[in-house]
Amino acid sequence: MNITRTPRPLLAVVMALAVVASACSTTTTDTDTAADGNTTIKLQLQWFKQGQFAGYLAAVDQGFYAEQGLDVEILDGGTDIVPQTVLAQGQADYAVAWVPKALASREAGAGITDVAQIYQKSGTLQVSFKDQNIATPADLQGKTVGNWGYGNEFELFAGMTKAGVSPSDVTLVQQQFDMNGLLSGDIAAAQAMSYNEYAQLLETVNPATGALYTEDDFTSLNWNDDGVAMLQDAIWANTDKLSDEAYREQTVKFLAASLKGWIFCRDNVETCRDITVAAGSTLGASHQLWQVNEVNKLIWPSADGIGMIDEAAWQQTVDIAKSTRNAEGSTVLTADPDAEAYTNEYVTEALDLLKADGVDVTGESYAPMEVTLEEGGK
């Protein structure tokens, strides 16, 4: 097995971070009041402001948080920021994080609870040029396969395992957070998010034609189709503080406004593109339009209401996190998470508030729009 990889195994990294979080878990953010009398709170993102987080940006821009008496500061993430650790340390009031990574932190001692599951589907793809003839996970055998590591790889490994392909059957490459390895031919199948890196391919000029690549030039493995998808973007709260009535009420209000922001972006994709660009994203307008549109596909329709945590999807995520080993032999979890790892209590109350105001929380008639990407995502 030929593995090019630099990071330490996920569990070791997360445990080290979570130990720090646990040691600092007694530190909590004080409840401050803004000049307008609203309660000031902080939301920690897992990456920089982009369409992936458009609903929260819209909730600020459209005054949905203010309607709930909240003044929300949205904190950028980055490669050196673990949002669930920031939350557990008391440096933020809420955080957006993928479920497997957050559960690994919780297992290692971080006191965090999933209070709303925003993405109902996984946005992770494994993309290849069509001439590689990779139509199923079994076709990865003998190929050079890229992944980002840092806990982003477990759907890939679960998909290969299910198809009977072991890590020794492929050449694993530590992939950068771009598609350059695929475009250069160094990687046969590259990891991509449907709302970000995949668009980067379609924003690139095909040197053979002089025009942009199209979706017909590629094939994609979608882990939702293979039954190994894991839950991704969720809103996490501080477990201990949920026993405090003020924080509990604040959580319901924060969720109601955040969900309303996502509902706004479902119905106003172009406006949310503009909001995201204005928030300081370095990515261009067509890329952000693609991103908001693709994120909507991961949320809508939501039969039980946006943010509700589906028990079957949660259990599938936990099962994969316990049983699937990455190239270093690590699993995300060693045991089932406890009962406080997630709850639908607060999101149910938030949805009731929105439904009382006549807000469509299920999006049963949702249909995505067609987006035309520009070179470089401009």
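In this text, all values refer to a predicted model and were calculated from it rather than measured experimentally.

S.K.: Please clarify how the sheet that holds strand 10 (residues 190-193) should be interpreted in this entry.
M.R.: Backbone-to-backbone hydrogen bonds pair the strands of a sheet. The strands run either parallel or antiparallel. Strand order in the open sheet formed by 3 strands is 10-7-11, and the pairing between neighbours is antiparallel. Two strands in the sheet have a free side with no partner beyond their single neighbour: strand 10 and strand 11 (218-222). Adjacent strand axes in the sheet meet at a mean angle of 40°, parallel and antiparallel pairs treated alike. Where strand 7 (residues 124-129) meets strand 11, 5 bridges bridge the pair, whose relative direction is antiparallel. Bridging from a neighbouring strand, Q126 pairs with L221 of strand 11.

S.K.: For this particular structure, what's the right way to read the nonpolar core?
M.R.: The nonpolar side chains of soluble globular proteins are, as a tendency, buried together. Formed by 75 residues in total, the largest nonpolar core has its most connected members in L43, Y56, I118, I235, F254 and L255. Among the elements that make up this core, the one with the highest residue count is helix 9 (residues 245-267) (11 residues). For I235, the residues in contact, after removing those within four places along its chain, are Y56, Y94, A95, T113, D114, V115, A116, I118, F254, L255 and S258. Grouped together as the second largest cluster of nonpolar side chains are 38 residues, L87, V145, F154 and A327 included.

S.K.: Teacher, can you tell me more about the state of the cysteines here?
M.R.: In the structure shown here, the tally under the stated rule is 1 disulfide. In this model, C265 is linked to C272 through a disulfide, with the two sulfur atoms separated by 2.1 Å. The S-S bond linking C265 to C272 shows a torsion near -90°; that makes this disulfide left-handed. Judged by its relative accessible area of 0%, C265 is buried.

Rules of the game
- Residues numbered from 1 in each chain as written.
- Predicted model: local features only at pLDDT ≥ 70, side-chain atom pairs only at ≥ 80, totals over all residues.
- Heavy atoms only, no water.
- Pairing = 2+ DSSP bridges.
- Helix = DSSP H or I, 4+ residues; strand = E, 2+ residues; numbered from the N terminus.
- Axes fitted to C-alpha atoms, helices over the stretch in contact; angles between N-to-C directions.
- Core = buried A, V, L, I, M, F, W, Y, C linked by side-chain atoms within 4.5 Å.
- Buried < 20%, exposed > 50% of the residue type's maximum accessible area, 1.4 Å probe, protein only.
- Contact = heavy atoms within 4.5 Å.
- Disulfide = S-S within 2.5 Å.

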